[in-house]
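Now for the letters of each chain:
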Amino acid sequence: MELGSVVEFLENKIILVSGVTGFVAKVFIEKILRVQPNVKKLYLLIRAADTESAALRFQNEITFVAGDISSEDLGLKDSNLKEELWNELDVMVNSAAITKFDERYDVAFGINTLGAIHLVNFAKKCVKLKVFVHVSTAYVAGERTGLILENPLDGASGLDFDAEMKVIDQKLNEIKTKGASQKEITLVMKNLGTERAKIHGWPNTYVFTKTMGEMIMQQSKENLSLVIIRPTIVSGTYKEPFPGWVEDLKTINALFVASAQGNLPCLVGETKTIMDVIPVDMVVNAMIVAMVAHAKQPSDANIYHVGSSLRNPVTLVSILDYGFVYFTKKPWINKQGKPIEVSKIILFSSIASFHGYMQICYLLPLKGLQLANTVFHNFFKGVYNDLRKKVKFVMRVAEIYKPYFYFNGIFDDTNTEKLRMTTKGSRTETDLFYFDPDSIEWRDYFMNTHIPGVENILQQKRAFPITKVFRSGHVLSDKTITERVMPMIFIQSSRMGNTHFPVSHRDKTYFQRQLLSKMTLNVLRNQIGPAPICRWKPMSGIYAP
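Residues numbered from 1 in each chain as written. Predicted model: local features only at pLDDT ≥ 70, side-chain atom pairs only at ≥ 80, totals over all residues. Heavy atoms only, no water.

### Considering a positive patch on the surface
Here is step 1 of the chain: There is a patch of like positive charges on the surface, built from Lys335, Arg388, Lys389 and Lys392.
Here is step 2 of the chain: Mapped onto the elements, Lys392 comes out in helix α13 (residues 381-405). (Patch = residues over 30% accessible without salt bridge, like charges linked within 9 Å, V, L, I, M, F, W, Y side chains within 5 Å. Areas by Shrake-Rupley, 256 points an atom, 1.4 Å probe, with all protein chains shown as cover. Salt bridge = Lys/Arg side-chain N within 4 Å of Asp/Glu carboxyl O. Lys, Arg positive; Asp, Glu negative; His and termini not counted. Charge placed at Lys NZ, Arg CZ, Asp CG, Glu CD. Helix = DSSP H or I, 4+ residues; strand = E, 2+ residues; numbered from the N terminus.)

Laid out in structure tokens, this is it:
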């Protein structure tokens, strides 16, 4: 497969990106604008009430488009815009996903499964489209063990898309007929998703619905040049646009935060379990190279595992040890102004042993405190609440991440390695679009890049509080897009020597009103690396993202 120049290919191209509020999409957009400022146009598809709410233009390269991938034709209401996209698009990139492991089944199915189908159907109507890149997850493999190949999922485990749709509709009709409250409906649909996933051999609703989406895309793509990127556990940036860009406090980041606060005494998992971690900038570089390679020469070898377990594995125990060493040397300060003493996390290979330990060390004392509060008129209420939150958090982490802490698979990356080889012709582009996990020294990466990045994002959340406006099924208003989406997408283009940033009076007023410090503003603009970490008091109690 010949590659040629990636940078030259991007020039004058028109690209549609969905899932633009997600981490992978933000890094992708930043990279495209930085390496090729002469890209003709980026359409950023965002879930919004109407076109007026989303189509906010800044500079000339970017157009926000109101849409909804869970609807036919991506929910686009403007017929002229649809015709424009069908006639002009060169590339489509989908990174939209509901990533919450225990999301409502109907909501996750709508985005991860129906959304994938609608995007492929839309792409097949684009007369100039050269390639469609879909970001999936390596964990569509389910609970397989051993070497997991980069193979398609056609008919995986007898999954029936139509049958699952009927299950969802029937359950919704059933509980609505009974007059269930919205809270009750949410709980029932969450449980349904987990139940259906486990019946078919997947650990959670997220990977189950992503599996169905990927499977149907492969079956319905026809002559479409489709590229499927399967990243493993996506972590903070390795190098670009600056080292340690972390976007959220989920998965391993949640472990680091809880460990720093002294709120994670134990976990379940095997000591030899490999945590397949890959920095987000490597995922994005692989996406871009695959995109260009398949645009120029479509191939059936269109699935790429982007991970580290085969070429440069790091174990769960090592990651937990990095956190322990880091927070021992640089402890957080508790609400009393004293350093938090961290301890090594105990890893139980047996679920029974874990539950026994929790029962003796935490649940029994919790019951004792509950009894003492009854006798002494809630004298120990604060202690009881703190311990209850801690127990609840530990049990939830163990339950949600258990499949990954016991995972015994290794992701083959033969196709991805061949893709890496195609960049060898140009030293400049090899350095520009790096995605070789063997180059990572894990201890240095976690201790000096990723964990400081986790601290940095937590510090930014304190300086610039963010409410949960992107919850499942939420439709963004004009105010939300102006005040939340725009600040998250502003991207530096180093070749142009300026920053893509909102310029309207409304945007300026917003930032003036927030009284953001120059340092925080620069971090939001991605003009500098992570801000220096100062000693600050983390929130009391459990931080459970």
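### Thoughts on the packing of aromatic side chains
Here is step 1 of the chain: In the structure shown here, the tally under the stated rule is 29 aromatic pairs.
Here is step 2 of the chain: Measuring from ring centre to ring centre gives 5.8 Å for Trp442 and Tyr445, while their planes differ by 80°; the resulting arrangement is edge-to-face. A residue pair is termed a helical-turn pair when its members lie 3 or 4 positions apart in one helix, as Trp442 and Tyr445 do in helix α16 (residues 442-463) at three residues. Each member of the pair Trp442 and Tyr445 is classed as buried.
Here is step 3 of the chain: Taken together, Phe101, Tyr139, Tyr206, Tyr401, Tyr404, Phe405, Phe407 and Phe411 form an aromatic cluster joined through their ring pairs.
Here is step 4 of the chain: The ring of Phe433 has Lys31 lying over it, and the distance from NZ or CZ to the ring centre is 5.2 Å.
Here is step 5 of the chain: The ring of Tyr434 carries Lys239 above its face, with NZ or CZ at 4.7 Å from the centroid. (Phe/Tyr/Trp six-rings, centres within 6.5 Å; stacked < 30°, edge-to-face > 60°. Buried < 20%, exposed > 50% of the residue type's maximum accessible area, 1.4 Å probe, protein only. Lys NZ or Arg CZ within 6 Å of the ring centre and 35° of its normal.)

### Digging into helix α7 (residues 182-199)
Here is step 1 of the chain: The first and last C-alpha atoms of α7 sit 26 Å apart over 18 residues, in line with the 26 Å expected at 1.5 Å per residue.
Here is step 2 of the chain: Taken as a whole, α7 has its buried residues at Ile185, Met189, Leu192, Gly193, Arg196 and Ala197. Looking straight down α7, one finds its buried side chains confined to an arc of 125°; they lie on one side. Away from its buried face, by an angle of more than 90 degrees, α7 presents the exposed residues Lys183 and Leu187.
Here is step 3 of the chain: Looking at the buried residues of α7, the elements they touch are α5 (105-123), α6 (161-177) and α8 (205-220).
Here is step 4 of the chain: A positive phi of about 95° marks Gly201, the residue just after α7. (Expected span 1.5 Å × (residues − 1). Arc of directions from axis to C-beta. Contact = heavy atoms within 4.5 Å.)

### Some thoughts on α6
Here is step 1 of the chain: Taking 1.5 Å of rise per residue, 17 residues should cover 24 Å, and α6 covers 24 Å from first to last C-alpha, within 8% of that figure.
Here is step 2 of the chain: Within the sequence span of α6, burial applies to Phe161, Glu164, Val167, Ile168, Leu172 and Ile175. Considered in projection along α6, the buried side chains sweep an arc of 120° and stay on one side of the axis. Exposed side of α6, more than 90 degrees from the buried face: Lys166, Gln170 and Thr177 are the residues found there.
Here is step 3 of the chain: Each element contacted by the buried residues of α6 is listed here: α5, α7 and α8.
Here is step 4 of the chain: Where α6 starts, the residue carrying a side-chain oxygen 3.1 Å from the main-chain nitrogen of Asp162 turns out to be Asp160.
Here is step 5 of the chain: Gly179 sits one or two positions beyond α6 and adopts a positive phi of about 75°. (Polar contact = N/O pair within 3.5 Å; in protein donor to acceptor, adjacent residues only side chain to side chain.)

### What about empty space enclosed by the protein?
Here is step 1 of the chain: Considering all chains together, one arrives at four cavities of 30 Å³ or more under this definition.
Here is step 2 of the chain: Of the volumes computed, that of the largest cavity is approximately 40 Å³.
Here is step 3 of the chain: If you go around the largest cavity, the residues you meet are Thr232, Asp276, His305, Val306, Gly307, Ser308, Ser309, Leu310, Arg311, Phe411 and Asp413.
Here is step 4 of the chain: The class makeup of the residues in the lining of the largest cavity is three nonpolar, five polar and three charged. (1 Å grid on protein atoms, 1.4 Å probe; cavity = no way out; pocket = protein on both sides within 12 Å on 5 of 7 lines; lining within 4 Å. Points joined across faces, edges and corners; volume = space filled by probe spheres on them. Nonpolar A, V, L, I, M, F, W, Y, C, P; charged D, E, K, R; others polar.)

### Here's the deal with the packing of helix α9 (residues 251-260) against α13
Packed helices, taken two at a time, are described by the angle their axes make and the gap between the axes.
Here is step 1 of the chain: Closest axis-to-axis distance for the α9/α13 pair is 11 Å, and the angle between their directions is 145°. The interaxial crossing formed by α9 with α13 has left-handed handedness. Along its contact with α9, which presents Thr251, Ala254, Leu255 and Ala258, the element α13 presents Phe393, Val397, Tyr401 and Phe405.
Here is step 2 of the chain: For the contact of α9 with α13, the residue count by class is seven nonpolar, one polar and no charged. (Axes fitted to C-alpha atoms, helices over the stretch in contact; angles between N-to-C directions. Left-handed = near helix turned anticlockwise from the far one by under 90°.)

### Focus on the packing of α5 against α6
Here is step 1 of the chain: Between α5 and α6, whose axes approach to 11 Å, the crossing angle comes to 150°. When the interaxial angle is binned, α5 and α6 end up roughly antiparallel. For α5 against α6, the interelement crossing comes out left-handed. Contact with α5, carried on its side by Tyr105, Asp106, Phe109, Thr113, Leu114 and Ile117, involves Phe161, Glu164, Met165, Ile168 and Leu172 of α6 and no other residues of that element.
Here is step 2 of the chain: A class-by-class count of the residues in the contact of α5 with α6 yields eight nonpolar, one polar and two charged. (Parallel < 35°, antiparallel > 145°, perpendicular 65-115°, else oblique.)

### Re the pairing of strand β2 (residues 41-47)
Here is step 1 of the chain: In terms of burial, β2 is a largely internal element, six of the seven residues being buried.
Here is step 2 of the chain: Of the strand pairs in this sheet, strand β1 (residues 14-18) and β2 are connected by five bridges, and their pairing is parallel. By the bridge assignment, Ile14 is partnered in β2 with Lys41.
Here is step 3 of the chain: Handedness of the β-α-β unit built from β1, helix α2 (residues 23-35) and β2 comes out right-handed. (Pairing = 2+ DSSP bridges. Right-handed = clockwise from strand over helix to strand, strands pointing away.)

### Remarks on the environment of Tyr206
Here is step 1 of the chain: Along the polypeptide, Tyr206 turns up in helix α8.
Here is step 2 of the chain: With 102 residues separating them in the primary sequence, Tyr206 and Arg104 have C-alpha atoms 9.7 Å apart.
Here is step 3 of the chain: Leaving out residues up to four positions away in the same chain, Tyr206 has contacts with Ile98, Thr99, Lys100, Phe101, Asn112 and Thr137.

### Points about the confidence of the model for the chain
Here is step 1 of the chain: When pLDDT is averaged along the chain, the result is 82, and 80% of the positions lie at 70 or above.
Here is step 2 of the chain: Of the regions scoring below 50 in pLDDT, residues 51-59 engages in 28 contacts with residues more than four places distant in sequence or in other chains.
Here is step 3 of the chain: Between residues 464-476, whose pLDDT stays under 50, and residues either more than four places distant or in other chains, the model counts 30 contacts. (pLDDT = per-residue confidence, 0-100.)

### Side note on the nonpolar core
Here is step 1 of the chain: Counting residues in each nonpolar core, the largest one holds 136 residues, and the members touching the most others are Phe28, Leu42, Leu267, Met287, Met291 and Phe446.
Here is step 2 of the chain: Setting aside chain neighbours within four positions, we find Phe28 in contact with Val17, Val93, Val284, Met287, Ile288 and Met291. (Core = buried A, V, L, I, M, F, W, Y, C linked by side-chain atoms within 4.5 Å.)

### Focus on the pattern of salt bridges
Between side chains of opposite charge, pairing is possible as soon as their charged atoms come close.
Here is step 1 of the chain: Summed over all chains, the structure comprises 21 salt bridges.
Here is step 2 of the chain: Glu399 is the partner of Lys198 in a salt bridge, and the nearest nitrogen-oxygen pair spans 3.8 Å. On the criterion of sequence distance, the pair formed by Lys198 in helix α7 and Glu399 in helix α13 is long-range, its members being 201 residues apart.
Here is step 3 of the chain: What makes Glu399 partly exposed here is its relative accessible area of 43%.
Here is step 4 of the chain: Measuring nitrogen to oxygen at the nearest pair gives 3.7 Å for the salt bridge that ties Glu417 to Arg311. Of this pair, Glu417 sits in helix α14 (residues 414-422) while Arg311 sits in the loop between β12 (303-306) and α11 (316-329), and the two are 106 residues apart along the sequence.
Here is step 5 of the chain: Its relative accessible area of 32% is what places Arg311 among the partly exposed residues.
Here is step 6 of the chain: Residues joined by salt bridges that share partners form a network here, namely Glu30, Lys31, Arg34 and Glu240.

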